[in-house]
Amino acid sequence: MRRKLVVGNWKMYGRLASNRVLLEGILTGVRELHGADYAVCVPYPYLAQAQSLLQGSNVAWGAQNVNQHEEGAFTGAVAPGMLTDFGCSYVIIGHSERRGLFHESNEIVDAKFIATLKAGMKPVFCVGETLAERESGITEQVVATQLKSVLSYAGVQALSNAVIAYEPVWAIGTGRTATPDQAQAVHAYIRGCVAQHDSQIAQSLCILYGGSVKANNAAELFAMPDIDGGLIGGASLVADDFLAICRAGVRT
Ligand code: 13P
């Protein structure tokens, strides 16, 4: 039986004062929830704040990106060991905003995936198709290519310490959520692809859905057999909304 996981992706939002209100609000509500896992992935400068407010609680924290190198002359980059210095458990890898806006290729994303694992953190590895790709009927091919790339680079065993997030690009920040059936179909496909390599790892693999998950649609998405929780953007910035989604993770 897989545990549900709800992860907030704050993207480039937040300030010290508002973060404190948000994290304290989340902590108050999440304290009474059991049976699921929770995390927030915050901007780098706020990792120390997340660590000091969340340590000892049932909310983990992590980053939204990492550099693939251990150290070196990479101005502006952040190494995996710097994230573990601040207690990070998760790193979002290959988000479509990084793939698209920052031109991260499968090769770069795969190297970041390995670097995250090597440092002892869990990659939340994002896959998903654009609207044009869905409309041309190649959703499965796109997702399979992204998956195959990391599988051939890291090996299926690596997935036993990772999380996959299916995030259709057309559903991110648009208010246009995939229907539970649309999401379930891709999640089942992803699990099937992994099962071709190792059926046990596939069965225990946590596959999150991301893309306009809100308080009013989380429960029906999380009720689908292959949807193991959510990667939440906008709604993770409001404590009550994030908590409602966390509660949906417990109920199903
Ligand atoms: P929204 O929930 O704002 O659509 O963002 C989803 C996302 O990109 C999470 O990584």
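Please refer to the structure placed before this passage.
A brief look at the structure comes next.

Conventions used here
Throughout this description, residue numbers start from 1 for each chain and increase along the sequence as written. For this predicted model, a pLDDT threshold of at least 70 governs which residues receive local features, and a threshold of 80 or more governs which side-chain atom pairs are given and counted, while totals over whole chains, interfaces and linings are taken from all residues. Calculation of side-chain values draws on the structure's entire complement of heavy atoms; hydrogens and water are dropped beforehand. Buried, partly exposed and exposed residues are distinguished by accessible area as a fraction of the type maximum, computed with a 1.4 Å probe on protein chains only: under 20%, between the cut-offs, and over 50%, respectively. Helix and strand definitions follow DSSP, with helices as H or I runs of at least four residues and strands as E runs of at least two, each counted in order from the N terminus. By arc we mean the arc of the directions from the helix axis to the C-beta atoms, nothing more. Residue contacts are counted whenever heavy atoms from the two residues lie within 4.5 Å of one another. Here, a salt bridge means any Lys or Arg side-chain nitrogen found within 4 Å of an Asp or Glu carboxyl oxygen. We call two N or O atoms a polar contact when they sit within 3.5 Å, provided that within protein one can donate a hydrogen and the other can accept it, with sequence-adjacent residues counted only if both atoms are side-chain atoms.

**Looking at helix H2 (residues 47-54)**
At step 1: All of the buried residues along H2 are Leu-47, Gln-49, Ala-50, Leu-53 and Leu-54. What you see down the axis of H2 is that its buried residues fit within an arc of 160°, all on one side.
At step 2: Of the surrounding secondary structure, the elements contacted by the buried residues of H2 are helix H1 (16-30), strand S2 (36-41), strand S3 (59-63) and helix H3 (80-85).
At step 3: One or two steps after H2, the chain reaches Gly-56, where phi turns positive at roughly 85°.

**Re the pattern of salt bridges**
Pairs can form between side chains of opposite charge once their charged atoms are near each other.
At step 1: Summed over the entire model, instances satisfying the criterion amount to 11 salt bridges.
At step 2: Among the ionic pairs, Asp-37 bridges to Arg-3, the shortest N-O distance being 3.0 Å. Of the two residues, Asp-37 sits in strand S2 while Arg-3 sits in the segment before strand S1 (4-9), which places them 34 residues apart along the sequence.
At step 3: Given the relative accessible area of 30%, Asp-37 is considered partly exposed.
At step 4: Several salt bridges share partner residues, and in doing so they unite Arg-2, Arg-191, Asp-226 and Asp-228 into one network.

**Let's talk about the side chain of Asp-228**
At step 1: Looking at where Asp-228 falls in the secondary structure, it is placed in the loop between helix H10 (218-222) and strand S8 (229-232).
At step 2: Among the polar contacts made by the side chain of Asp-228, one reaches the side chain of Arg-191 at a distance of 2.8 Å.
At step 3: Among the polar contacts listed, one links the side chain of Asp-228 to the backbone nitrogen of Ile-207, at a separation of 2.8 Å.
At step 4: Each residue touching Asp-228, except ones within four places of it in the same chain, is listed here: Arg-2, Arg-3, Lys-4, Leu-5, Arg-191, Leu-205, Cys-206, Ile-207 and Leu-208.

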